[in-house]
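What follows is each chain in one-letter form.
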Amino acid sequence: MELRLYDTLSRDKRTFVPLDAKDVRMYVCGPTVYDFAHIGNARPVIVFDVLFRLLRHLYGAAHVKYVRNITDVDDKINDRAARDFPGLPLNEAIRKVTEQTGKQFHADVDALGALRPSVEPRATEHIGEMREIIERLVAGGFAYVAEDHVLFSPQAMNAADAGLPRYGALSNRSLDEMVAGARVDVAPYKKGNTDFVLWKPSKPGEPSWPSPAGIAAQGRPGWHVECSAMAWKHLGEHFDIHGGGIDLVFPHHENEVAQTCCAFHQERMANYWMHNGFLQVESEKMSKSLGNFVTIHELLADWPGEVLRLNMLKTHYRSPIDWTMKSLEESARTLDDWYRVAADVAPGKPAPSVIEPLLDDLNTPLAIAALHGLRGGDVGALAGSLRLLGFLSESAAQWEGRKQQASGVDAKEVERLISERTAARARKDFAESDRIRDLLAAMGVAIKDSKEGTTWEVAR
Ligand code: AMP
Ligand code: ZN
């Protein structure tokens, strides 16, 4: 069985062949840490976690290196720091913002059942690599210094000899059209209107580092070069998979490819470019002004992380996803059922019926359909398959207990009412036993009678 992945660059699904037959290298763009992550940000985290788990299953856990960065230098971080900690020096305030937000991000993604990546590099710890890439680009004639900025010229790249990719190839745009369509009011220090920033001067009080390319003033990196530097440091000049949300294809990934390939004279940066589709909420684009902006943190107050995870995976990663309450409720019911039947059984090998669709460009909806198929038959394989996908991190009792706690149902009181009802039934007082059943239903508790006795659960 071979793994096939859709590559945004070649626009087709290809058999996955790692550069190094035994070891796989993957880079995914991580969060800019200035605020709570929203449920859209959870999508790449969950999608690439499933890929990470699948690759570990195929190549062995020690043979997959997954790098997901933390962007901790950015204008949005500076703005947030000045707003939230006006009394502190800016650099201290920035440290507070990035520390708090980074911790919150970890708490959120841990709750979603995502494994930690092999390396989580921070931009501020890779300034030296960024400077080195910038120096190489200037030396190669792909970048130039102007007013203490360093700018990358896509036109210089496309005018260069063979052996480099064409700027625009990843996002399927023509540079000529970009030049013709670009805004006219570009910054005066730019030679070309599509040139982008590799390095810029810092304002007083802002984080700053010694600049490359002979610039005397201190400065800071542009966003795109951060990822080129971190990917290079941890995965090398050319690696297997690069991922992120579809919104990053242009300009972020197009510019990453340009920087890395021109700095190292490579035809490729990554062999497979993978992008998840966008998430919208109740059929609308998520935005603060529409009031439908939901953070992972808020959702976790109402739903277990695994419910959010399952809900995300019900849609194929390349399709847009409509995040709805109705779908969440359905996902919760599904997981309640899987926990009841599979959480406490010895996990068997993951079923081929689940693995096969995953090997076909991570077809999680088909894999989930296969899980439903196992539900009535091989529950050992169901348990093993669910674990492979990052579910069943708790026991059935923990799951049910959490649900009861979240619903505010008092388990002791429920048990007392159930034994009263059992007594009423024994003396054939059906009016009383029905009254108690209705009372329990009003409390949000569903009961089920069987030969072994009465069981109950919190109804979703
Ligand atoms: P950002 O912090 O905005 O750079 O986003 C972090 C990651 O989340 C990137 O991979 C984005 O592509 C992804 N992302 C942001 N918003 C959404 C969304 N609404 N749906 C899916 N992915 C998103
Ligand atoms: Zn990136």
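Here the structure is a predicted model, which is why all the values come from computation and not from measurement. (Residues numbered from 1 in each chain as written. Chains lettered and ligands numbered in written order. Predicted model: local features only at pLDDT ≥ 70, side-chain atom pairs only at ≥ 80, totals over all residues. Heavy atoms only, no water.)

Draft legend 1. Region of the structure containing the environment of Tyr 27. Positionally, Tyr 27 belongs in strand 3 (residues 24-28). Accessibility expressed as a relative area gives 0% for Tyr 27, which makes it buried. The spatial distance from the C-alpha of Tyr 27 to the C-alpha of Leu 359 is 19 Å, given a sequence separation of 332 residues. Ignoring anything within four residues of it in the chain, the contact list for Tyr 27 reads Val 67, Asn 69, Cys 227, Met 230, Ala 231, Leu 235, Phe 239, Ile 241, His 242 and Gly 243. (Helix = DSSP H or I, 4+ residues; strand = E, 2+ residues; numbered from the N terminus. Buried < 20%, exposed > 50% of the residue type's maximum accessible area, 1.4 Å probe, protein only. Contact = heavy atoms within 4.5 Å.)

Draft legend 2. Looking closely at the nonpolar core. Among the nonpolar cores identified, the biggest contains 69 residues, and Met 26, Leu 51, Leu 55, Ile 241, Trp 323 and Val 354 are the most heavily contacted of them. For this core, the element with the most residues is helix 1 (residues 39-59), which contributes eleven residues. Counting the residues that make up this core, at least three belong to each of domain 1 (4-279) and domain 2 (302-398). With residues near it in sequence (within four places) discarded, Leu 51 still touches Leu 5, Met 26, Ile 241, Met 274 and Leu 362. (Core = buried A, V, L, I, M, F, W, Y, C linked by side-chain atoms within 4.5 Å. Domains from an automatic or database assignment.)

Draft legend 3. Highlighting the domain arrangement of the protein chain. As assigned here, the protein chain comprises domain 1 (4-279), domain 2 (302-398) and domain 3 (408-458). For domain 1 versus domain 2, the distance between C-alpha centres works out to 32 Å. Taken together, the contact between domain 1 and domain 2 spans 26 residues of the former and 26 residues of the latter. Where domain 1 abuts domain 2, roughly 2200 Å² becomes buried across the two surfaces, and 68% of that area is made up of carbon and sulfur atoms. (Buried area = accessible area lost by both parts, 1.4 Å probe.)

Draft legend 4. Seen up close, the coordination of the zinc ion (ligand 2). All of the protein donors around the zinc ion (ligand 2) are Cys 29 (SG), Cys 227 (SG), His 252 (NE2) and Glu 256 (OE); their distances to the metal are 2.0 to 2.6 Å. If you look at the zinc ion (ligand 2), its four donor atoms make angles of 74 to 130° with each other, and the shape they trace is irregular. Site description for the zinc ion (ligand 2): donor spacing in sequence, C-x197-C-x24-H-x3-E. Linking Cys 29 in the loop between strand 3 and helix 1 with His 252 in helix 8 (residues 249-264), this pair joins segments that are 223 residues apart in sequence. Here Cys 29 falls in the buried class, since its relative accessible area comes to 11%. (Donors = N, O, S within 2.8 Å, 3.2 Å for Na, K, Ca; no water. Tetrahedral: all angles 85-135°; square planar, octahedral: opposite > 155°, others 65-115°.)

Draft legend 5. Expanded view of the side chain of Asp 195. Summarising the element assignment, Asp 195 is placed in the loop between helix 6 (175-181) and strand 7 (196-201). For the buried Asp 195, which has no salt bridge, the nearest side chain bearing the opposite charge is Lys 191, at an N-O separation of 7.2 Å. A distance of 2.5 Å separates a polar atom in the side chain of Asp 195 from a polar atom in the side chain of Tyr 144. What Asp 195 contacts, discounting residues up to four positions off in sequence, is Tyr 144, Leu 151, Phe 152, Ser 153, Pro 154 and Lys 190. (Lys, Arg positive; Asp, Glu negative; His and termini not counted. Salt bridge = Lys/Arg side-chain N within 4 Å of Asp/Glu carboxyl O. Polar contact = N/O pair within 3.5 Å; in protein donor to acceptor, adjacent residues only side chain to side chain.)

Draft legend 6. Structural view of the sheet that holds strand 6 (residues 149-152). Across the sheet, four strands lie side by side as 5-6-7-8; this open sheet has antiparallel pairing. Across the chains shown, the open sheet's two edge strands, defined by having one partner strand only, are strand 5 (143-146) and strand 8 (219-221). With direction set aside, neighbouring strand axes in the sheet form an average angle of 20°. Examined bridge by bridge, strand 6 and strand 7 share three bridges and lie antiparallel to one another. (Pairing = 2+ DSSP bridges. Axes fitted to C-alpha atoms, helices over the stretch in contact; angles between N-to-C directions.)

Draft legend 7. Inspection of the site of ligand 1 at higher detail. As a structural note, the neighbourhood of ligand 1 is formed by 13 residues, with Gly 40, Asn 41, Gly 245, Asp 247 and Leu 279 the closest of them. Between an oxygen atom of ligand 1 and a main-chain N or O atom of Gly 245, the distance comes to 3.0 Å. Between Asn 276 and ligand 1, the recorded distance is 3.3 Å, taken from a side-chain N or O atom to a nitrogen atom. Elements supplying a minimum of two residues to the shell around ligand 1: helix 1 and strand 9 (239-245). The element contributing the most residues to the shell around ligand 1 is helix 1, with three residues. Broken down by class, the residue content of the shell around ligand 1 amounts to four nonpolar, eight polar and one charged. (Near = heavy atom within 4 Å. Nonpolar A, V, L, I, M, F, W, Y, C, P; charged D, E, K, R; others polar.)

Draft legend 8. A look at the pattern of salt bridges. This model, assessed by the stated rule, comprises 32 salt bridges. For the salt bridge of Arg 416 with Glu 413, the shortest nitrogen-to-oxygen distance reads 3.0 Å. One end of the pair is Arg 416 and the other is Glu 413, both in helix 16 (residues 411-426) and three residues apart, which spans about a single turn. For Arg 416, a relative accessible area of 39% corresponds to the partly exposed category. The partner of Asp 449 in a salt bridge is Arg 437, with the nearest N and O atoms 3.3 Å apart. Placement of Asp 449 in strand 13 (residues 445-450) and of Arg 437 in helix 17 (residues 430-442) is noted, with a sequence separation of twelve residues between them. Its relative accessible area of 33% is what places Arg 437 among the partly exposed residues.

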